[in-house]
Amino acid sequence: MDDLAGAVFLLPGDMRGAAEALSGAEEIRLRAGKAPSVLKNGEERQIAGLRKITSEDLDGVLERATGASVHTAQSSIRNGFVSVPGGVRLGLCGSAALRGGEIDGIRRLSSVSIRIPHELKGCADGIYEPLTDGGFKSTLIISPPGCGKTTLLRELVRRLSDAGHRVSLCDDRGEVAAVWDGEAQFDVGRCTDVMSDAPKGQTSVMLLRAMNPQILAMDEITAPADVQAAEEAVGCGVQLLATAHAAGTADFQTRPLYRRLMEDKVFKNAVTITMRDGRRYYTREALK
Amino acid sequence: MRLFGAMLIFIACSAAGALRAAALWKKVKTLSAVEGMLRILSGEICGRLSDIKTALGVLKRSSPPETADFIGALCGRSGEIGEMPFSRLWSECAAQTLGVLGADELSELCALGTVLGRYDAPTQKAAMENCAEYFRRAHAQALPRVSGSMKAAFGAGASLGLIIMITLI
């Protein structure tokens, strides 16, 4: 089952015929009471000819995604997503159920985002040589959401790993390597060790202790624990490869969460992804 | 010849009564088996957090014989999970293989299918415990009645056969 087929399988049975309209899609959006829409090149468009989604349809999507075993995905549902074999990720939105003041799950789904991963081998060709010239140094990949940070991260991990670097990958949402039954669904290289389905802040420490990496890779630094994990890794002499949401380095530096990383000069390089006319452009910048 | 025919009718009526008594006994055993099956399923899903296919595999190995056909049918159709809502699979297999149960009992079991695999473990556990309790009570109520009913069914069959036999002779 390829990535798109995996995503189409999650749709209600009478909508699977629309697979052609989904070719090249980054995400399929299903919202109760609205017709499904598709996200391509950062632009969301309604899929023509499909009926409105019902809340039962959304429950059915979650049932298919978990193989009628929602209870097995409860820990990730608490974080608002479910990983599906093949690397497809289901983002969930609805009425949050609280237990002891903390989110315990989501009841009455109101919308679902089916995110379709893309493996673009070769997408890092233009920046790989400059990044590794003189030895790979800690690098941050920056872009707004939906521009392909995870895709570029995966490709850089693969290239570095195949070049003989021991890479440890914190894949908390299972999007980078999409490990299923112990095996990565995406090619992340021959020297890559993957720790999935747990917070980066915790798994990075485990990987540093257990796997002796030369490079630690993590997708999306979003929490203070992630920042601390990044600093600890660099403190251990490990190079870091990470992604973060920002429009560019200037925008990144203004975010309070990231200020400490910049002040401590954790990253030596930044790669900014920009989209113009449906195409992605990668810009490398040495950070001072 | 008349005597031989009358005896055959007596035997047939007695056998019909015995079959009815056996069916009653089977129903009682099935009520208990469904309760046992639900306890195992609850342990797998809510205790070990097994996915539904794994839980069905465990049930197939450990379920009482009275529910073996039901579990066998579910396992046989487990490839349809995703294509078809699990609740529908559950209901169809129950209707096909647990016909010995009454309409209310089947309805209770089918209602459980709408919860299985769809909600978090505590919600499923509560639903399975309620359903298991329903079947435990149904079994407890049916058990004292069943021996009387079995005797009555067998006795009625034999009596009817005897009356016809006497009439014919």
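Okay, so let's go over this structure. (Residues numbered from 1 in each chain as written. Chains lettered and ligands numbered in written order. Predicted model: local features only at pLDDT ≥ 70, side-chain atom pairs only at ≥ 80, totals over all residues. Heavy atoms only, no water.)

## Some thoughts on a nonpolar patch on the surface
Residues and elements named next belong to chain B. Taken together, the side chains of Phe4, Leu8 and Ile11 make up a nonpolar region of the molecular surface, amounting to roughly 310 Å² of accessible area. Its place among the elements puts phenylalanine 4 in helix H1 (residues 2-47). Residue classification places phenylalanine 4 among the exposed residues on the basis of a relative accessible area of 51%. (Patch = residues over 30% accessible without salt bridge, like charges linked within 9 Å, V, L, I, M, F, W, Y side chains within 5 Å. Areas by Shrake-Rupley, 256 points an atom, 1.4 Å probe, with all protein chains shown as cover. Salt bridge = Lys/Arg side-chain N within 4 Å of Asp/Glu carboxyl O. Helix = DSSP H or I, 4+ residues; strand = E, 2+ residues; numbered from the N terminus. Buried < 20%, exposed > 50% of the residue type's maximum accessible area, 1.4 Å probe, protein only.)

## Regarding the nonpolar core
Core analysis: the biggest nonpolar cluster contains 42 residues, and Leu38(B), Phe70(B), Phe86(B), Trp90(B) and Leu109(B) have the highest contact counts within it. Broken down by secondary-structure element, the contributors of at least two residues to this core are H1, helix H2 (52-62), helix H3 (68-76), helix H4 (86-97), helix H5 (103-113) and helix H6 (121-168) of chain B. Sequence-distant contacts of Phe86(B), that is, excluding residues within four places in its chain, are made with Glu63(A), Ala68(A), Ile52(B), Leu56(B), Leu74(B), Ile81(B), Gly113(B) and Leu116(B). Listed in part, the 30 residues of the second largest apolar core include Leu62(A), Val84(A), Val88(A) and Ile116(A). (Core = buried A, V, L, I, M, F, W, Y, C linked by side-chain atoms within 4.5 Å. Contact = heavy atoms within 4.5 Å.)

## Things to note about the side chain of Thr272(A)
With respect to the helices and strands, the residue Thr272(A) is situated in strand S14 (residues 269-276). When residues no more than four places from it in sequence are discounted, the contact partners of Thr272(A) are Ile142(A), Ala247(A), Gly248(A), Thr249(A), Tyr281(A), Tyr282(A) and Thr283(A).

## Brief notes about the interface of chain B and chain A
Contacts between the two partners involve 19 residues from chain B, matched on the other side by 17 residues from chain A. For the pair chain B and chain A, the two sides together bury roughly 1,300 Å², of which 47% comes from carbon and sulfur. Among the residues chain B hides against chain A, the three largest losses belong to Gly82(B), Arg118(B) and Asp120(B). Together they make up 37% of the total. We note a salt bridge from Arg16(A) to Glu83(B), for which the minimum N-O separation is 3.1 Å. Counting every contact that joins chain B to chain A gives six residue pairs in polar contact (both at pLDDT 80 or more). Among the elements that line the side of chain B that touches chain A, the one with the most residues is H6(B), at four residues. Of the residues that constitute the side of chain B that touches chain A, the class distribution is 10 nonpolar, five polar and four charged. (Buried area = accessible area lost by both parts, 1.4 Å probe. Polar contact = N/O pair within 3.5 Å; in protein donor to acceptor, adjacent residues only side chain to side chain. Nonpolar A, V, L, I, M, F, W, Y, C, P; charged D, E, K, R; others polar.)

## Observations concerning the packing of helix H4 (residues 125-132) of chain A against helix H5 (residues 149-162) of chain A
Residues and elements named next belong to chain A. Remark: H4 packs on H5, axes separated minimally by 11 Å, with the N-to-C direction vectors making an angle of 55°. Put simply, H4 runs oblique to H5. As for the relative orientation of H4 and H5, their crossing is right-handed in sense. Across the interface between the two elements, Asp125, Ile127, Tyr128, Glu129, Leu131 and Thr132 from H4 touch Leu152, Leu156, Arg159 and Leu160 from H5. Grouping the amino acids of the contact of H4 with H5 by side-chain chemistry returns six nonpolar, one polar and three charged. (Axes fitted to C-alpha atoms, helices over the stretch in contact; angles between N-to-C directions. Parallel < 35°, antiparallel > 145°, perpendicular 65-115°, else oblique. Left-handed = near helix turned anticlockwise from the far one by under 90°.)

## Looking at the layout of surface pockets
All names here are of chain A. For the largest pocket, the calculated volume is near 1,200 Å³. Contributing to the lining of the largest pocket are 47 residues, with Val82, Ser83, Val84, Pro85 and Trp180 lying nearest its centre. Along the lines of polarity and charge, the residues of the lining of the largest pocket split into 19 nonpolar, 17 polar and 11 charged. Size it by volume and the second largest pocket reaches roughly 510 Å³. If you trace the second largest pocket, you find 26 residues lining it, with Glu26, Ile116, His118, Thr151 and Arg280 closest to the centre. Here the element with the most residues in the lining of the second largest pocket is H5; it accounts for four residues. Within the lining of the second largest pocket, the residues separate by chemical class into seven nonpolar, nine polar and 10 charged. (1 Å grid on protein atoms, 1.4 Å probe; cavity = no way out; pocket = protein on both sides within 12 Å on 5 of 7 lines; lining within 4 Å. Points joined across faces, edges and corners; volume = space filled by probe spheres on them.)

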